[in-house]
Amino acid sequence: MILTYAVALVCTLGMTLGQILFKMSASASQETGSLFSFKPLAVLFAAMCLYGVTSIVWVWVLQRISLGKVYPFMALAFVFVPLGTYFLFGERFQPQYLFGVVFILIGVILTTSA
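Residues numbered from 1 in each chain as written. Predicted model: local features only at pLDDT ≥ 70, side-chain atom pairs only at ≥ 80, totals over all residues. Heavy atoms only, no water.

## Section: helix α2 (residues 38-64)
Okay, step 1: Here α2 is 27 residues long and its end C-alpha atoms lie 40 Å apart, about the 39 Å a rise of 1.5 Å per residue gives.
Okay, step 2: Packed against the buried residues of α2 are α1 (2-32) and α3 (67-70). (Helix = DSSP H or I, 4+ residues; strand = E, 2+ residues; numbered from the N terminus. Expected span 1.5 Å × (residues − 1). Contact = heavy atoms within 4.5 Å.)

If you want it as structure tokens, here you go:
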């Protein structure tokens, strides 16, 4: 069961990386002026492939744990994505964001331990 939760966390990290790749594709398309230039299209393709693989692995997780028990892990993406954008793109957040993160973490802990 712990392995399945660990894989669920890996899925959340995969979705997080996918979102960051989507942002990188958007930035690259803004630089080149077209989504169909090589760099934005390559990054977009990588994001979509990652989402595909992550979705298949997620189905594996759902074979072992009920959706209601494991789905709160996806809420961690609301924590991981902004952290990634902070470190990779220098995006800044208001202090109340930290309060929101704390509530999300409490919610994940409460729902997965219930």
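## Section: the side chain of Thr12
Okay, step 1: Tracing the backbone shows Thr12 in helix α1.
Okay, step 2: By relative accessible area, Thr12 is classed as buried at 0%. (Buried < 20%, exposed > 50% of the residue type's maximum accessible area, 1.4 Å probe, protein only.)

## Observations regarding the packing of α1 against helix α4 (residues 77-89)
Okay, step 1: Across the interface, α1 lies against α4 with an axial gap of 9 Å and an inter-helix angle of 45 degrees. Judged by the inter-axis angle, α1 sits oblique to α4. Every pair of crossing elements has a handedness; the one defined by α1 and α4 is right-handed. Residue-level inspection shows Leu9, Thr12, Leu13, Thr16, Gln19, Ile20, Lys23 and Met24 of α1 in contact with α4, the latter providing Ala77, Phe80, Val81, Gly84, Leu88 and Phe89.
Okay, step 2: Grouping the amino acids of the contact of α1 with α4 by side-chain chemistry returns nine nonpolar, four polar and one charged. (Axes fitted to C-alpha atoms, helices over the stretch in contact; angles between N-to-C directions. Parallel < 35°, antiparallel > 145°, perpendicular 65-115°, else oblique. Left-handed = near helix turned anticlockwise from the far one by under 90°. Nonpolar A, V, L, I, M, F, W, Y, C, P; charged D, E, K, R; others polar.)

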